[in-house]
Amino acid sequence: MTDAPRFKAAPAEPLLRLELWGGLAETSARFTSAFGAVLPGPGQAITVSGLRVIWREPGAWMIRVETGERGATLDRLMEIAGADGAVTDISGAATRCVLTGGDWRVLLTHGGVFDAEDPAFAPGCVAGTVIEHMAVRFDVITETRVDAYVAPSYAVDLFAYWTSVARGLDVTG
Amino acid sequence: MTSARLPAGGLINRTRTISFTFDGQRYEGHPGDSLASALLANGVGLVGRSFKYHRPRGVLAAGVEEPSALVGVGVGGRFEPNTRATDLFLYEGLIAQSQNRWPSLAFDVGAVLGLFSRFIPAGFYYKAFLGKPGLWKVYEHFIRHAAGLGKPPVAADPDSFDHRAAFCDVLVVGAGSAGLAAALAASATGARVILAEQDTRLGGGLLRDPAEIDGAPAADWIEGAKATLAARGVRVLTRTTAVGYWDHDLVTLSEKLTEPGQVPAPGEPAQRLWRVRAQRVVLATGAIERPLPFADNDRPGVMLAQAVRTYVARYGVTPGHRAVIAAGNDDAYRTAFALAEAGCEIAAVLDSRPPSDSPIVRAAAERFDVRFQAQAARAIGGAGGLTGVEARTEAGALTLTCDLLAVSGGFSPVAHLHMQAGGTLSWDEATGAFTPDQARQNQSTTGSASGLDDLAEILAEGWAAGGAAAHGLGKPLPKGGPPQAAEAFPGSSNSVAALAPPPGTDLKHTFVDFQNDVTLADVDLAWQEGYRSVEHLKRYTTLGMATDQGKTSNIIGLARLASHEGRPVPEVGLTTFRPPYTPVTLGALAGHATGFHSAPLRRPALYDLHAARDPIWQPVGYWMRPRAYPLAGENLHAASIREARAVRETVGWIDVSTLGKFEIAGPDAAALLERVCATTVGKLAVGRGRYTFMLREDGLVMDDGTVWRIGPDRYLLTSSTGGADRMAHHLAYVRQVLAPQLKVAIANVQEHWAGIAVAGPRAKALVAELTGLAEIPRHMSVARGVIAGTPVLILAASYSGERAFEIYAASQEIAPVWTAIDAAGQALGGHPYGIEALEFLRIEKGHVVVGGEIDGRSTPQDLGLHRMLNPARPFVGAPALQRPAFQSQAGRLQLIGLESEGSIPEGSMLVRHAPGEPEGHVTAASPRVLAQGSVALALLRDGRDRMGETLIAWSPTRGVSAKVRVVEPVFYDPEGARYRD
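Residues numbered from 1 in each chain as written. Chains lettered and ligands numbered in written order. Predicted model: local features only at pLDDT ≥ 70, side-chain atom pairs only at ≥ 80, totals over all residues.

## As for the environment of Gln882 of chain B
Residue and element names in this part refer to chain B. Selection criterion: Here a strand is any run of E in DSSP of at least two residues, a helix any run of H or I of at least four, and the numbering for each starts at the N terminus. Buried means a residue has 20 or more other C-beta atoms within 10 Å of its own C-beta, exposed means 12 or fewer, and partly exposed covers the counts in between; C-beta atoms are placed from the backbone.
Tracing the sequence through the fold places Gln882 in the loop between helix H23 (878-881) and helix H24 (884-887). Take Gln882: there are 10 C-beta atoms within 10 Å of it, and that puts it in the exposed class. C-alpha of Gln882 to C-alpha of Glu259: the two residues are 623 residues apart in sequence and 64 Å apart in space.

## Description of unusual backbone geometry
All names here are of chain B. Cis geometry marks the peptide bond from Trp102 to Pro103, where omega comes out at 5 degrees. Turning to its location among the elements, Pro103 is positioned in the loop between strand S8 (94-98) and helix H2 (124-128). Here Ala914 and Pro915 are connected by a cis peptide whose omega angle stands at -5 degrees. Within the secondary structure, Pro915 sits in the loop between strand S48 (909-911) and strand S49 (920-927). For Asp614, which is not a glycine, the phi torsion comes out positive at approximately 50 degrees. Structurally, Asp614 can be placed in the loop between helix H16 (607-611) and strand S34 (616-620). The phi dihedral of Arg873 falls on the positive side, at around 55 degrees, and the residue is not glycine. Relative to the elements of secondary structure, Arg873 occurs in the loop between helix H22 (835-845) and H23. Among the residues examined, Arg873 registers 13 C-beta atoms within 10 Å and is labelled partly exposed.

## Some thoughts on the interface of chain A and chain B
We apply this condition: Two residues form a contact once the distance between their C-beta atoms, set from the backbone, is within 7 Å.
Taken residue by residue, the interface counts 34 residues in chain A and 34 residues in chain B. Contributions of two or more residues to the side of chain A that touches chain B are made by strand S2 (15-20), strand S6 (85-89) and helix H4 (152-167) of chain A. A per-element tally of the side of chain A that touches chain B places H4 of chain A first, with seven residues.

## A short note on the pairing of strand S42 (residues 753-759) of chain B
Residue and element names in this part refer to chain B. Rules: Any two strands between which DSSP finds at least two bridges are classified as paired.
Counting buried residues in S42 gives seven out of seven residues, a clear majority hidden from the surface. Residues of S42 alternate between two faces, with Trp753, Gly755, Ala757 and Ala759 on one and Ala754, Ile756 and Val758 on the opposite face, all of them buried. The pairing of strand S36 (residues 652-655) with S42 spans four bridges and is antiparallel. Pairing of Ile654 across the sheet is with Ala757, part of S42. Taken together, the seven bridges between S42 and strand S45 (residues 804-810) define a ladder with antiparallel strand orientation. Counterpart to Ala759 in the pairing with S45 is Ala804.

## Regarding the domain arrangement of chain A
Residues and elements named next belong to chain A. Threshold: Domain extents, as shown, originate in an automatic or database domain assignment. Under the grouping applied here, Gly and all other residues not named as nonpolar or charged are polar, the nonpolar ones being Ala, Val, Leu, Ile, Met, Phe, Trp, Tyr, Cys and Pro and the charged ones Asp, Glu, Lys and Arg.
Taken domain by domain, chain A comprises domain 1 (6-10 + 94-167) and domain 2 (15-92). Taken over C-alpha atoms, the centre of domain 1 sits 23 Å from the centre of domain 2. Facing seven residues of domain 1, the contacting portion of domain 2 comprises seven residues. Within the side of domain 1 that touches domain 2, the residues separate by chemical class into five nonpolar, one polar and one charged.

## So, the environment of Leu253 of chain B
All names here are of chain B. Position of Leu253 among the secondary structure elements: in strand S15 (residues 250-256). We classify Leu253 as buried; it has 22 C-beta atoms within 10 Å. Residues in contact with Leu253, not counting those within four places in the same chain, are Ala196, Leu237, Thr240, Thr241, Ala242, Trp274 and Val276.

## Some remarks on the sheet that holds strand S6 (residues 70-73) of chain B
All names here are of chain B. Heads up, the rule is: Interaxial angle, 0 to 180 degrees, is taken between N-to-C directions of lines fitted to C-alpha atoms, where a helix line uses only the stretch in contact.
The five strands are arranged S3-S2-S8-S6-S7 in an open sheet whose pairing can be described as mixed. Looking along the sheet, the strands with just one partner apiece sit at the ends: strand S3 (25-29) and strand S7 (80-84). The mean angle between the axes of side-by-side strands here comes to 40 degrees, regardless of whether they run parallel or antiparallel. Relative to S8, S6 is paired through three bridges, and the arrangement is antiparallel. Within the sheet, the bridge partner assigned to Val71 lies in S8 and is Ser98.

## Description of the environment of Gly621 of chain B
Residues and elements named next belong to chain B. Note that Gly621 resides in the loop between S34 and strand S35 (623-628). The class for Gly621 is partly exposed, based on 16 C-beta atoms found within 10 Å. For the pair formed by Gly621 and Thr241, sequence separation is 380 residues and the distance between their alpha carbons is 35 Å.

## What about the sheet that holds S36 of chain B?
Residues and elements named next belong to chain B. As summarised here, the arrangement of the six strands in space is S43-S44-S45-S42-S36-S46, forming an open sheet in which the pairing is mixed. Only two strands of the sheet have a single neighbouring strand rather than two, namely strand S43 (782-787) and strand S46 (831-832). Against the sheet, helix H21 (residues 815-827) contacts S36, S42, S43, strand S44 (790-795), S45 and S46, and its axis sits at roughly 10 degrees relative to S42.

## Focus: helix H2 (residues 70-81) of chain A
Residue and element names in this part refer to chain A. Applied cut-off: One fewer than the residue count of a helix, multiplied by 1.5 Å, yields its expected span. Directions drawn from the helix axis to the C-beta atoms are what define this arc.
For H2, built from twelve residues, the straight-helix expectation of 16 Å at 1.5 Å per residue is met to within 8% by its first-to-last C-alpha distance of 16 Å. Here H2 has its buried residues at Thr73, Leu77, Ile80 and Ala81. Projected onto a plane normal to the axis of H2, the buried residues spread over an arc of 95 degrees and lie on a single side. The exposed set on the far side of H2, more than 90 degrees from its buried face, consists of Gly71, Ala72, Asp75 and Glu79. Turning to H2, the residues buried within the fold contact S2, helix H1 (24-35), strand S5 (60-65) and S6. After H2 finishes, the residue Gly82 shows a positive phi value of roughly 55 degrees.

Quick look at the structure:
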């Protein structure tokens, strides 16, 4: 019996980009003071105060506003960034696809080059890779759920590809 | 040859019967049969005709090395030529047909070529080209007709092919005894292990030769190993061939989920290409038995000795009733015993070695007629099968009656992957074999592939290789020890090199490369004609080319060349081992990348709204954009002219969401932009924008766009659709490499902002109506507003030459904005327009475009943009503009305009007289939107000094030309009055 992955596009939520050009320690301290958690390090993501904070690249994070108002969150983050960085509204720049089911790891090995089956790629881990020429970013939420972010222009083809693969998913191989 | 199914035995499922056809004749076999074994079981020994001389060919081998038994299999798009009958497993309804014969396999007209073989030796076609050129017209038809091995399918492959990635600590290639032992050892340490086996079954040679391992029959031990590996989570891939070993221990595996020609299960792919990134690779790829060189050694009924055992033991088939064994090793004696056990008469064993005292030889001598220092000299027979063998013995020549000749010329370790990984080989003169030597990547070679031939040693070395691979990654050494083997005749096969034919052999009929009909005489001829390099020998004779890549032939050919050269084999060198190891279907390489676009399509946020209008689509890079929105009865041109006129006369709107867009924020944002953009940015006031362009470091124009100051420390930079990814990289390069000290953040907002350009004399009224703004931004100014409840950013910019606005909203919120503009615009008499109309408009206005006028060779001066350059020259590419080649404008292609009364062929060359020397070319052409005639942009040598000249725009490939006048490259409103209030 397999636990074939299921997936659906998540409703659009505000997305913000926090990028620092300096003062990482100071900004992280201000972030901790405001939200009670440190900014996640490379390859990590956290959920804090209604925000999913996803490490994007050195000095940059993508922040999905799960609960709360976009403008207020943006203002608060700009305050935290202060003179050390900038915050940009990038809402709509990525479509989030929620994959559920124990075999999502198998699905993500198709058409790609990423070791999704590595047990170390566990909840709280994020990674960017390419699936069938499309840039995708994975955010492991639980062992049975991963969020995939893809540019909306690619979303239709990526979902079609996953639908095609999932139909005959070989989880025994 | 009188092959037949044995009454019992084999690893086939005799309780089920499978029907298949070969050349239209219906036969039956059993699950587990290969096509070759099933044909032999049905008494079919003639399987195909050879490529060049159309000689009758049967089955030589039992695996992927088969050079002769090639068939076409399947129908329609699933038809696959050159499929090895030995590597094709039977399925219900299999349809196979022989190749290279007409009208039938038994009576082949092409066989007459064999009579003329002396006139068509190696390289004859090269020599043919030395004759009178006109003769080519005589023999071209015949050569083209004869060329090619098998026929390609004429229909598209209907199946799908999958690509999959896998990672592991240890990849073991080959699941014979060594591979299984390696996988057991590696997995015992807790390592992540993948085991790939090209066969349908695990076991390799254990499926052929009886043995006991750890006290159990080999078959039981294999099943036990399989269960153990499964319990340890080892990924075992059968019917999966490691076809390529690439850099950084990337190994590609080709997995056959269906057999060639077979219809896959619904929704299932036919094949899967794995890309395996391994920390360590253990190559347990076995060895390939070589044939012997003697006259007519390609006759049906001459088979490799191990292959004969395979047919007996694995498939329950005896390939003949009376056999001669010819070999130079102990291993072939096992074939004599196996055949005898199956009821076959052994006429003689011809052993090329001196008398041997090994146990298996002693046992054989007690049972069979064993002759030492004896060799096969000629196979006797024809298409109907083998009837005998001429032998050279110490006692003289003799003829033996037989219908099967089992030969063994020694063994070639399969070192292909080792060599693809950059390894080296060492030569064993005694056995006449290359074995893997130094490894360049993280690979090791074990078992028969490393030159071993004793089962106990193979198991021990395989175990050690697997354990060492895992241990090298920090895993503990595996507990226990290697599996223990017991055989009736253990020990080495004492193989000696048997690479030369018996004295006096008819070399013209002694085949080296069965697939290409290359004989020893051909090799000799090549050497006589001066081909000393093995690479030249290969190309001249075609030795080792074609689908088998010389798996059974290369060493004999090399040895022949070496003997002529008087040098050891290693000194004459080896040809390159290139992937794939065995042929790979092109579909497997393509995976999902097939069909209309062969790549993912990028759909703009407004895609569905466009699709509802059923536009003519245009791929722009990966993007899919509307080219035009034809009304009933309109073609592309009519629709585009109508749309362009709407922009000139009333209002039009177009989706510009695909433009590259970047938000650049921070106190040093202007400083960064002044490095990226070749125009001045620093003095831009908040709320204002300007046209800009960017240079590469070599000073050539890379892209263009606009830059807008949308906040005190925040800018929006736009660039071309096709150049968006390149611009993202360029910005990152400048930010991270050239100016890391700048306090600036860059966000790629290409898909955050979706955009609609509204253009035309009524555009301002439309924007005013929709936004309710009291003050509409003037040209190159910014405003914010709300349309249909959606916050929008309004940039007053014009690409069309009319008063225009680019209206941006977050992409997920853009649909109602489009709908509102569409409704209000139509009420004003306007139309949406596509990129064809946009092209007409921009050409008239003289705006350059990336990929057209900006073609990677143009400087700002060439394009007339030099007056806009930032005089402080802080930008990327500024130093390169000082180069002498760019300082002088003489002889450079410069942007100009062209006018004509008729149409101007786009892409045509500009000449003074046709035909003539090209002096430039037309980059883009358009009809005049509101008048008669055509205009074009072009790049013309010294163009700016040639205003008023008349030239010919000439396209000899299309057979069209037009008389054109050179004019300034702006055809519409040169003062720019129309986009200013």
